[in-house]
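A structural walkthrough
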Amino acid sequence: MDQAAILDHEFRIAAYAVTWTIQLGYLAWLGLKWRAQKRNAERLSGKPR
Amino acid sequence: MKKFAVGLYVAVTLALMAWGYYQAIYVAPNDAMQGEIFRIIYYHVPSASVAFLFFAISLVGSIGFLAWRRSRQEWAQIADAWALSGAEVGVVFCTVVLTTGPLWGRRAWGIWWTWDARLTTTLVLWLIYVSYLLLRRFAAGPQMQTLAAVLGIFGALDVPIVYMSNRWWRTQHPAPVFGGDSNSGMDPTMVGALLWNMVAWLAWGLLILGLRYRVERQQQKIAAREAQEALNA
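What you see is a predicted model, and the numbers here were worked out from it, not measured in a lab.

Counting its regular elements, chain A contains 1 helix and 0 strands. Considered along the principal axes of its C-alpha atoms, chain A spans approximately 65 × 10 × 5 Å. Across the 49 residues that make up chain A, the buried fraction comes to 12%.

Each helix and strand counted, chain B has 7 helices and 0 strands in total. Going residue by residue from the N terminus, the α and β elements of chain B occur as α-α-α-α-α-α-α. With respect to the principal axes defined by its C-alpha atoms, chain B has extents near 70 × 45 × 30 Å. For chain B, buried positions account for 37% of its 233 residues.

Residues and elements named next belong to chain B. Mapped onto the elements, Leu16 comes out in helix α1 (residues 2-27). A count of 18 C-beta atoms within 10 Å places Leu16 in the partly exposed class. Sequence spacing of Leu16 and Trp196 is 180 residues, and the spatial spacing of their C-alpha atoms is 7.5 Å. Setting aside residues up to four positions removed in sequence, Leu16 forms contacts with Val199, Ala200 and Ala203.

For the rest of this paragraph, the subject is the confidence of the model for chain B. Mean pLDDT over chain B works out to 90, with 97% of the residues at or above the 70 mark. Here the predicted complex scores 0.92 on pTM and 0.89 on ipTM.

Along its 26 residues, α1(B) runs 36 Å from first to last C-alpha, staying within 8% of the 38 Å computed at 1.5 Å per residue. Structurally, α1(B) contributes buried residues whose contacts are with α2 (41-68) and α7 (188-232) of chain B.

Contacts between chain A and chain B engage 22 residues on the former and 24 residues on the latter. Of the residues belonging to the side of chain A that touches chain B, the class tally is 14 nonpolar, 5 polar and 3 charged.

Before going further, it helps to examine the packing of α2(B) against helix α3 (residues 73-108) of chain B. Residue and element names in this part refer to chain B. Look at α2 against α3: their axes get within 7 Å of each other, and the N-to-C directions meet at 155°. In terms of orientation, α2 lies roughly antiparallel with respect to α3. In the crossing of α2 with α3, the sense of the turn from one axis to the other is left-handed. Counted by class, the contact of α2 with α3 contains 21 nonpolar, 10 polar and 1 charged residues.

On to the packing of α2(B) against α7(B). Residue and element names in this part refer to chain B. It is at 9 Å that the axes of α2 and α7 come closest, and there the two elements cross at 45°. Relative to α7, the element α2 is oriented oblique. Of the two possible hands of crossing, α2 and α7 adopt the one that is right-handed. Contacts from Ile41, Tyr42, Tyr43, Val45, Pro46, Ser47, Ser49, Val50 and Phe54 of α2 reach α7 at Ala193, Leu194, Asn197, Met198, Trp201, Leu202, Gly205 and Leu209. A per-class count over the contact of α2 with α7 returns 13 nonpolar, 4 polar and no charged.

In terms of nonpolar packing, the biggest core is built from 53 residues, with B:Ile40, B:Ala51, B:Phe54, B:Phe93, B:Cys94 and B:Tyr129 touching the most fellow members. Among the secondary structure elements, those contributing two or more residues to this core are α1 (3-44) of chain A together with α2, α3, α4 (117-138), α5 (144-156), α6 (158-168) and α7 of chain B.

Rules and cut-offs
- Throughout, residues of each chain are indexed from 1 in the direction in which the sequence is written.
- Whichever chain is written first is A, and whichever ligand is written first is 1; the rest continue in order.
- The model is predicted, so local features are restricted to residues of pLDDT at least 70 and side-chain atom pairs to those at 80 or more, both for listing and for counting; the totals for chains, interfaces and linings are taken over all residues.
- Numbering of helices and strands runs from the N terminus, with a helix taken as a DSSP run of H or I at least four residues long and a strand as a DSSP run of E at least two residues long.
- Exposure classes come from backbone-placed C-beta atoms, where a residue is buried if 20 or more other C-beta atoms lie within 10 Å of its own, exposed if 12 or fewer do, and partly exposed in between.
- We call two residues in contact whenever the C-beta atoms placed from their backbones are within 7 Å.
- Values of pLDDT, ranging from 0 to 100, describe the predictor's confidence in every residue of the model.
- The span you would expect from a helix comes to 1.5 Å times its residue count less one.
- Polar here means any residue outside two lists: the nonpolar Ala, Val, Leu, Ile, Met, Phe, Trp, Tyr, Cys and Pro, and the charged Asp, Glu, Lys and Arg; Gly therefore counts as polar.
- Only the stretch in contact is used when fitting a helix axis, every axis being a line fitted to C-alpha atoms; angles between N-to-C directions are given from 0 to 180 degrees.
- Angles below 35 degrees are treated as roughly parallel, those above 145 as roughly antiparallel, those between 65 and 115 as roughly perpendicular, and all remaining angles as oblique.
- If you view the pair so one helix is near and one far, a crossing is left-handed when the near helix is turned anticlockwise from the far one by less than a right angle, and right-handed when it is turned clockwise.
- For our purposes the nonpolar core covers buried Ala, Val, Leu, Ile, Met, Phe, Trp, Tyr and Cys residues that link as a set through C-beta atoms within 7 Å.

Quick look at the structure:
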């Protein structure tokens, strides 16, 4: 494998990794928001957690 | 039944993602000119397509909100929730486009960024929708949703400009692969891999869009109940 092919490989992996980091990061943030909201809804309805 | 349907959809989406990855890495060949770096196309282009679709959903939601805000309150709230969800998930996909693009450009062109029409209009699109989200987050008062809807419509006007930019102007960004001139097109194996990834990313996008919509609707209901409790106090 020449140097250019190694760099191409690393950049391709970086692009795929960045994509998944952004997508899963957003999904995790959404999950946390959902959980906080659920607690808030329970508090409003007077139910115990 | 609903839980089963959602579970099935998640399973199908994950299978599509795995199949798309397999197609992109093990089935599609390396590009003759660009080598392996060309495989970024299988994440970059579907992300752009899904971002455009979700900004279109935001546009429809914004128009719906403006149309129904006085006559049908409940419909207007539903439309507003779709507008916000479309904009937010669209920004996520547009962020993917704006990060994978420079990684590809650095290897293909030798530069991370250039102010050509395609890249600049995409950045402007991203900035408009980030402004939309900041407005939603930090502005308060009864006019906030209306202002956001107007900004959402204004932002969507940039989508066709981004799409047509490399047809209207000479750009560093490559000419269209599909729907371009007679020299455009791809190897059939590459087309197959690209289409599978388009389907996979669309399925993934719809999954998180649905989740975001649900969170927003719940938020609207909590806000309405809090407002009612404040009135009753």
